[in-house]
Amino acid sequence: MHEYPITEQIIKIAGEHCMKSGGSRVTKVNLVIGDYSGYVGESVQMYFDIIAQDTVCEGAAVDIRHIKPKLRCPDCGELFEKRPMSFDCPKCGGQGEPTEIGKEFYIESIEIE
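Residues numbered from 1 in each chain as written. Predicted model: local features only at pLDDT ≥ 70, side-chain atom pairs only at ≥ 80, totals over all residues. Heavy atoms only, no water.

Draft legend 1. Structural view of the state of the cysteines. Under the criterion given, the structure shown has zero disulfides. In this structure Cys-73 is a free cysteine whose sulfur lies 3.5 Å from that of Cys-92, the closest cysteine sulfur available. For Cys-92, a relative accessible area of 41% translates into the label partly exposed. (Disulfide = S-S within 2.5 Å. Buried < 20%, exposed > 50% of the residue type's maximum accessible area, 1.4 Å probe, protein only.)

Next comes the structure, spelled out in structure tokens:
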């Protein structure tokens, strides 16, 4: 349910971008959502379709690029995806540490017509 207010903001930003750019409507919003961001892409899409009604965003496509979380090995610097039940670096065997990769949530681009 916390996707509702963030989706309202996405529509507001996209609408403002459209108006400032002289467009008549938003055709596509490209989002980047990390798997550990706390947001569910399908919920954002559902709320977008509902909230965008009667706005310049109505009918716009929402394209979501998902980012998988990665660990960083402090020994060799390798970035890697965690395997089940293991933090082991696939390159050197060191213990991976959490990073900010996978926590992203932002508008990558807005397409208008």
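Additional details are given in the paragraphs that follow.
Draft legend 2. Just the nonpolar core, in detail. Val-26, Val-29, Leu-31, Phe-48 and Cys-57 are the most contacted members of the largest nonpolar core, which has 19 residues in total. Counting residues per element, the ones that place at least two in this core are helix H1 (3-20), strand S1 (26-34), helix H2 (41-51) and strand S2 (61-67). Non-local contacts of Val-26, meaning those with residues more than four positions away in its chain, are made with Ala-14, Cys-18, Val-56, Cys-57, Ala-60, Ile-110, Glu-111 and Ile-112. (Core = buried A, V, L, I, M, F, W, Y, C linked by side-chain atoms within 4.5 Å. Helix = DSSP H or I, 4+ residues; strand = E, 2+ residues; numbered from the N terminus. Contact = heavy atoms within 4.5 Å.)

Draft legend 3. Representation of the packing of H1 against H2 within the structure. In contact at an axis separation of 9 Å, H1 and H2 are set at 55 degrees when each is read in the N-to-C sense. What the angle tells us is that H1 and H2 run oblique. Considering how the two elements wind past one another, H1 and H2 form a crossing that is right-handed. Note on element contacts: H2 touches H1 through Ser-43, Val-44, Tyr-47, Phe-48 and Ile-51, opposite Glu-3, Tyr-4, Thr-7, Glu-8, Ile-10 and Ile-11. Looking at the contact of H1 with H2, its residues break down into seven nonpolar, two polar and two charged. (Axes fitted to C-alpha atoms, helices over the stretch in contact; angles between N-to-C directions. Parallel < 35°, antiparallel > 145°, perpendicular 65-115°, else oblique. Left-handed = near helix turned anticlockwise from the far one by under 90°. Nonpolar A, V, L, I, M, F, W, Y, C, P; charged D, E, K, R; others polar.)

Draft legend 4. Molecular detail of the sheet that holds strand S5 (residues 97-98). Strand order across the open sheet formed by three strands is S4-S3-S5, with antiparallel pairing between neighbours. Looking at which strands have only one partner, the edges of the open sheet turn out to be strand S4 (79-80) and S5. Judged from the two bridges that link them, strand S3 (residues 71-72) and S5 form a sheet pairing that is antiparallel. Within S5, the position partnered with Leu-71 by the bridge is Pro-98. (Pairing = 2+ DSSP bridges.)

Draft legend 5. Fine view of H1. Compared with the 26 Å implied by 1.5 Å per residue over 18 residues, the 26 Å span of H1 between its first and last C-alpha is a close match. Within H1, burial applies to Glu-3, Thr-7, Ile-10, Ile-11, Ala-14, Gly-15 and Cys-18. The arc that holds the buried residues of H1, viewed along the axis, is 130 degrees, so those residues lie on one side. Opposite the buried face of H1, at more than 90 degrees from it, the exposed residues are Met-19 and Lys-20. Packed against the buried residues of H1 are S1, H2 and strand S6 (105-112). Phi turns positive, to about 80 degrees, at Gly-22, one or two residues after H1. (Expected span 1.5 Å × (residues − 1). Arc of directions from axis to C-beta.)

Draft legend 6. The arrangement of the environment of Arg-72 in detail. By the element assignment, Arg-72 lies in strand S3. Between the alpha carbons of Arg-72 and Ala-52 there is a distance of 39 Å; along the sequence they are 20 residues apart. Discounting residues that sit within four places of it in the chain, Arg-72 has contacts with Gly-77, Glu-78, Leu-79, Phe-80, Gln-95, Gly-96, Glu-97 and Thr-99.

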